[in-house]
Amino acid sequence: MKLRFAGTILREMLPDRWHMTAFAPTSNDRSIKVDGMKTHDNYQLLNRELAADDPWRLDGNPFERKRHAQMLLLSLAQGPIANALEVGCAAGAFTEKLAPHCQRLTVIDVVPEAIDRTRRRMNKPAHISWVVSDVQQFSSEELFDLIVVAEVLYYLGDIAEMRMAVGNLLRMLAPGGHLVFGSARDANCQRWGHVTGAETVIAILTEMLVEVERLELQGDSDNEDCLLVRFRNPVSSS
């Protein structure tokens, strides 16, 4: 089974001061559910992958580099970004590409090591806030004119949780704002042991947002398969 990545959140209050806003598993609690990871064992599996030189081959795999390049084009389709949210940063491969185009960027992930690696990679730029929290629990008083959520939602336990996560994110999407979604297709996600994938989540997003643009990516292997979609929030700011 191919293991990809899940997203969540931890906030940086000061440059080197951290405040946990969600549930990070402890060594004596093996039943905590973290963004679709059913047990602490799976949480540790994510940490082991993050210990690799190139987690999930996000830097070294040509397919992943192409996926990130296309995600960036979709993210920048409306020009420079005032305030963006990235859900799930892994080791920062896409964060590194997105950050220079944002006046402000909030990066969230369920795994503290993912946030730590990405912060080190980015050399802690002042315009980025860092958060560790579940995608269903994260909240912000700010509205984002761009939200990027890729290879994350299929880790949730069922479609009801996916709907909850989508609803939570859309409450933070500014009127006229854009959401860039990416995922492997339903069939591949189900083959990997997940409930569902791209097509199902796209259908949920389409209930509340307007689809603007869609890209289909296919690599050399059956596992290299992805749909990328840019949505717009049709709600007016007036």
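Let's shift gears to the confidence of the model for the protein. On average, residues of the protein carry a pLDDT of 82, and 80% of them reach 70 or more. Across residues 1-39, where pLDDT falls below 50, the model places 147 contacts with residues more than four positions away in sequence or in other chains.

Further remarks concern helix H7 (residues 198-206). In an α-helix, one turn spans 3.6 residues, which is why side chains three or four residues apart end up on the same side. Where H7 is concerned, the buried positions are Ala-198, Thr-200, Val-201, Ile-202, Ile-204 and Leu-205. Close packing links the buried residues of H7 with helix H5 (159-170), strand S7 (173-183), helix H6 (186-191), strand S8 (210-218) and strand S9 (225-232).

Another point: unusual backbone geometry. Positive phi outside glycine occurs at Ala-90, with the angle close to 50 degrees. For Ala-90, the position within the fold is in the loop between strand S3 (81-87) and helix H3 (93-98). The backbone of Glu-151 shows a phi angle near 55 degrees, a positive value even though the residue is not glycine. Structurally, Glu-151 is set in the loop between strand S6 (144-150) and H5. What makes Glu-151 buried here is its relative accessible area of 3%.

In this section: the packing of H5 against H7. Interhelical geometry of H5 versus H7 gives an angle of 45 degrees and a closest axis separation of 10 Å. Comparing the axis directions of H5 and H7 gives the class oblique. In this structure, H5 crosses over H7, and the sense of that crossing is right-handed. Of the residues in H7, those touching H5 at Ile-159, Met-162, Arg-163 and Val-166 are Thr-200, Val-201, Ile-204 and Leu-205. The class makeup of the residues in the contact of H5 with H7 is 6 nonpolar, 1 polar and 1 charged.

What counts, and at which threshold
Positions within a chain are numbered from 1, following the residues in the order the chain's sequence is written. With the structure being a predicted model, the display of local features is reserved for residues of pLDDT at least 70 and the display and counting of side-chain atom pairs for 80 or more, all residues being used for whole-chain, interface and lining totals. Excluded from the side-chain calculation are hydrogens and water; included are all heavy atoms of the structure. Think of pLDDT as the predictor's per-residue confidence, scored from 0 to 100. Contact between two residues is taken to exist if any of their heavy atoms lie within 4.5 Å; hydrogens are not considered. A simple rule labels every residue: compare its accessible area, found with a 1.4 Å probe on the protein chains alone, to the largest value its type can have, and call it buried under 20%, exposed over 50%, or partly exposed in between. Here a strand is any run of E in DSSP of at least two residues, a helix any run of H or I of at least four, and the numbering for each starts at the N terminus. Here an axis means a line fitted to C-alpha atoms, over the contact stretch when the element is a helix, while the angle between two N-to-C directions is reported on a 0 to 180 degree scale. Each angle receives one of four descriptions, namely roughly parallel if under 35 degrees, roughly antiparallel if over 145, roughly perpendicular if within 65 to 115, and oblique otherwise. Crossings are sorted by hand: turned counterclockwise from the far helix by less than a right angle, the near helix makes the crossing left-handed, and turned clockwise it makes it right-handed. Gly counts as polar in this scheme, as do all residues outside two lists: the nonpolar Ala, Val, Leu, Ile, Met, Phe, Trp, Tyr, Cys and Pro, and the charged Asp, Glu, Lys and Arg.

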